[in-house]
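Each chain is listed here by its residues.
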Amino acid sequence: RRKQAKVCLIDLDLHFGTIALQLDLRPNASMIEIAQAPERLDPALFTHSLVEHRSGLRVFTAPSTPMPLEALKPAVVKTLLELARAEFDYVIVDLPVALTQWTETVLSHSDLVYLVAQLNVPAVRQLRRLLDIIEEVGLYNLPVQLVLNRVQGSFWGAGVKRRQAEKALGRTFDYCIADQFEVLIDAANR
């Protein structure tokens, strides 16, 4: 019998993280506690802070009350990631749509990064800028996968717009997610 992989999901969107809501979990206040007393972050506090989903997924939730993104320091985020990696086979981190003083810490500890964007000029421009920043901070070898979200029409995003976006980015999208708004909203509401 094959052993089930241990997976941890960390929601670092301290302002608007919705992973707990999406998974029908109760967020805990551990993120706030860790920001206020970072020296307390150890394996026991980390394990105690995780919320278990019925699937077996363990989640380190964002706080239910928004907190400043800079409340967490890079050293604390590094420790959080190291504790997660020591305990789990897979660690997935959801980041805010903002650059923080600890964004580079998360990226430099990543084996793979998915950048998700929609097909519009502002989103493609932001994606291009983010790719440039990743290169500027010296993460040249970081495997980055580009995900085109809310694609209308064909699942693979046919059309001139996609080709124009890929030309502006200097690379193709690795994945496309179809725009099925009604299905997504129904699932979120359930």
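What you are looking at is a predicted structure, and each value in this text was computed from that prediction instead of being measured. (Residues numbered from 1 in each chain as written. Predicted model: local features only at pLDDT ≥ 70, side-chain atom pairs only at ≥ 80, totals over all residues. Heavy atoms only, no water.)

Student: Sorry, what's going on with helix α4 (residues 74–87) here?
Tutor: Given 3.6 residues per turn, any residue in an α-helix points the same way as the ones three and four places further on. Taking 1.5 Å of rise per residue, the 14 residues of α4 would be expected to cover 20 Å, and the 20 Å separating its terminal C-alpha atoms lies within 8% of that figure. Residues of α4 that are buried: Val 76, Val 77, Leu 80, Leu 81, Leu 83 and Ala 84. Considered in projection along α4, the buried side chains sweep an arc of 160 degrees and stay on one side of the axis. Of the exposed residues in α4, those oriented more than 90 degrees away from the buried face are Ala 75 and Ala 86. Against β1 (7–11), α2 (30–36), α3 (43–49), β3 (58–60), β4 (90–94) and α5 (103–108) lie the buried residues of α4. (Helix = DSSP H or I, 4+ residues; strand = E, 2+ residues; numbered from the N terminus. Expected span 1.5 Å × (residues − 1). Buried < 20%, exposed > 50% of the residue type's maximum accessible area, 1.4 Å probe, protein only. Arc of directions from axis to C-beta. Contact = heavy atoms within 4.5 Å.)

Student: Mind showing me how you'd approach the packing of aromatic side chains here?
Tutor: In this description, an aromatic ring pair is defined by two values, namely the gap between the centres and the angle between the planes. Enumeration over the complete set of coordinates arrives at three aromatic pairs. Here Phe 46 and Phe 60 contribute two aromatic rings whose centre-to-centre distance is 5.9 Å and whose plane-to-plane angle is 15 degrees, an arrangement assigned as stacked. Linking Phe 46 in helix α3 with Phe 60 in strand β3, this pair joins segments that are 14 residues apart in sequence. Since its relative accessible area comes to 2%, Phe 46 is described here as buried. Phe 60 gets classed as buried once you look at its relative accessible area, which sits at 0%. Taken together, a centroid distance of 6.2 Å and an interplanar angle of 55 degrees make the contact between Tyr 114 and Tyr 175 tilted. Residue Tyr 114 is found in strand β5 (residues 113–118), and its partner Tyr 175 is found in strand β7 (residues 175–178); the two are separated by 61 residues along the sequence. Ring-pair connections join several aromatic residues into one group, and the members of that group are Phe 46, Phe 60 and Phe 88. The cationic tip of Lys 6 hangs over the ring face of Phe 88; the distance from NZ or CZ to the ring centre is 5.6 Å. (Phe/Tyr/Trp six-rings, centres within 6.5 Å; stacked < 30°, edge-to-face > 60°. Lys NZ or Arg CZ within 6 Å of the ring centre and 35° of its normal.)

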